[in-house]
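# Topology and contacts: notes
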Amino acid sequence: MACVDVLGHGEEAYRSLERIQSVIEKGGESLVDIFHNIETTAFHLRGCALFLGKLEKRFLEYILVGNIRAWIINPGDIDCLLGQSGVVGGRRIVPALRRVQLGEQSMLLTCSDGIKRSFFPGNLPRQWWWDDGLAIICSILEEFGIGEDDASIIMGRRW
């Protein structure tokens, strides 16, 4: 899974995103391989912030670069996923491949910089595991979305 926020707006940014999307869909042997392919593509187009993840049975393996934020939410506990600064496609980055253990009811939430920095999942009076996922995402966008920016949110729950 991936959350990509290409620098800038407009048609050029959209074309860059389409090229990066095709690299992601092509895949690779590992997340690091996919990351390097994205980095090479972004170097020739526009850079991006990136969350790249792979779900395994009990673990999430991920690379997080730039101003995308991500959390693992469990009943009674919210863990902020560590990332690294930079822009994919700018200076070469040695990606930090991280691995976190998931619980029986773990949920992944990521958001791009189109969501206000004041957003934190623990401040929301929502029933993360019972409410409709699309409704939760729409309410986050409505309450915390930055009007003049685009925003991306990924929400994934274990069932």
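Right above here is the structure, for reference.
One structure accompanies this document, and this report is about it. Everything numeric in this text was worked out from a predicted model, so none of it was measured.

## Description of the packing of aromatic side chains
Within the structure shown, the criterion is met by 4 aromatic pairs. Seen in terms of ring centroids, Phe51 and Tyr62 are 6.0 Å apart; in terms of plane orientation they differ by 20°. Their pairing is stacked. Highlighted residues: Phe51 in strand β2 (residues 48-55) and Tyr62 in strand β3 (residues 59-65), separated in sequence by 11 residues. Ring geometry for Trp71 and Phe119: centres 5.5 Å apart, planes at 85°, overall edge-to-face. Here the residue Trp71 occupies a position in strand β4 (residues 69-74), and Phe119 occupies one in the loop between β7 (107-111) and α3 (133-144), the gap between them amounting to 48 residues. Relative accessible area serves as the criterion here: at 3%, Trp71 is assigned to the buried category. Note on Phe119: relative accessible area 3%, which makes it buried.

## Describing helix α1 (residues 11-26)
Given a rise of 1.5 Å per residue, 16 residues ought to cover 22 Å, and the 23 Å separating the end C-alpha atoms of α1 matches this to within 8%. If you check which residues of α1 are buried, you get Ala13, Ser16, Ile20 and Val23. Down the axis of α1, the buried side of the element spans an arc of 80°, and every buried residue falls inside it. Exposed and facing more than 90 degrees away from the buried side of α1 are Glu11, Tyr14, Glu25 and Lys26.

## Some remarks on the nonpolar core
The biggest cluster of nonpolar side chains holds 17 residues, and the ones touching the most others in it are Ile20, Phe35, Ile38, Cys48, Leu50, Leu52 and Val88. Mapped by element, the contributors of at least two residues to this core are β1 (2-6), α1, α2 (31-44), β2 and β3. The greatest single-element share of this core, amounting to 5 residues, is contributed by α2. With near-sequence residues (within four places) excluded, Leu50 lies in contact with Cys3, Val4, Phe35, Ile38, Ile63, Leu64, Val65, Ile68 and Val88. Judged by nonpolar contacts, the second largest core, of 13 residues, contains Ile73, Ile140, Phe144 and Met155.

How each quantity is defined
Residues numbered from 1 in each chain as written. Predicted model: local features only at pLDDT ≥ 70, side-chain atom pairs only at ≥ 80, totals over all residues. Heavy atoms only, no water. Phe/Tyr/Trp six-rings, centres within 6.5 Å; stacked < 30°, edge-to-face > 60°. Helix = DSSP H or I, 4+ residues; strand = E, 2+ residues; numbered from the N terminus. Buried < 20%, exposed > 50% of the residue type's maximum accessible area, 1.4 Å probe, protein only. Expected span 1.5 Å × (residues − 1). Arc of directions from axis to C-beta. Core = buried A, V, L, I, M, F, W, Y, C linked by side-chain atoms within 4.5 Å. Contact = heavy atoms within 4.5 Å.

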